[in-house]
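# Structural overview for review
So the chains spell out like this:
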Amino acid sequence: FSSCPVAKNDMVFRWTQSSGPTVSPSYIPSSTSQLWIPKYELQAGSTYTFDLTVSMLGDSSVSTTARYTIVTGNLPLVASIAGGDLIQVSESSALQLDGSGSRDLDLRKGADQGLSYLWSCYFSDGFVSQPCQIAGLQLGQQQTPQVTLPAGSLSATGDLFYTFLLMASKGAK
């Protein structure tokens, strides 16, 4: 615990939050030497200040207070297209692209992620890239997590592959 010559059970610990977005009181211990706050309980991009006052059991005039500041950063957004890096589909089938698994890593899985989506497409021979020509669909205007390209809407490109990109954004992220 420390090099203090007093036994830990002879001390009284009291944590308080002095600034920052409110943390549930259930996570601010009233009688332990350690502060433990579970993942996702602190807001990303925020600053929190907690004070720990330690006094002697039976003599509160002997005490000291330490201040701890916690600064939380922001984790990146993750854009994810279901099916992985290579999706194969015949010209006679619709192509369904699903980016609903994209995440803001600062939020719990399953929580509303609040993301905006921007889809784009190109094909390339490895040296020169060209935008996709998709019959009847302007992919850049599709701002939903799922996009369906109707059967026959992608023209033949020979040996070239189509590459679809999904950009997920959110506020300043």
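Residues numbered from 1 in each chain as written. Predicted model: local features only at pLDDT ≥ 70, side-chain atom pairs only at ≥ 80, totals over all residues. Heavy atoms only, no water.

## A look at the sheet that holds strand E7 (residues 116-124)
In spatial order, the strands read E8-E7-E10; together these three strands make up an open sheet with antiparallel pairing. For this open sheet the edge positions go to strand E8 (129-131) and strand E10 (161-169), each flanked by a neighbour on one side alone. Between one strand and the next, the sheet's axes are offset by a mean angle of 35°, whatever the strand orientation. One ladder, built from three bridges, connects E7 with E8; its direction is antiparallel. Looking at the pairing, Phe123 lines up with Gln130 of E8. (Pairing = 2+ DSSP bridges. Helix = DSSP H or I, 4+ residues; strand = E, 2+ residues; numbered from the N terminus. Axes fitted to C-alpha atoms, helices over the stretch in contact; angles between N-to-C directions.)

## Comments concerning the layout of surface pockets
There is about 730 Å³ of room inside the largest pocket. Among the secondary structure elements, those contributing two or more residues to the lining of the largest pocket are strand E5 (95-98) and E10. Element by element, the count of residues in the lining of the largest pocket is highest for E10, at four residues. Classifying every residue of the lining of the largest pocket gives 15 nonpolar, 11 polar and three charged. Lining the second largest pocket we find 14 residues, and of these Tyr40, Leu42, Gly73, Leu75 and Asp106 sit closest to its centre. Considered class by class, the residues forming the lining of the second largest pocket number seven nonpolar, four polar and three charged. (1 Å grid on protein atoms, 1.4 Å probe; cavity = no way out; pocket = protein on both sides within 12 Å on 5 of 7 lines; lining within 4 Å. Points joined across faces, edges and corners; volume = space filled by probe spheres on them. Nonpolar A, V, L, I, M, F, W, Y, C, P; charged D, E, K, R; others polar.)

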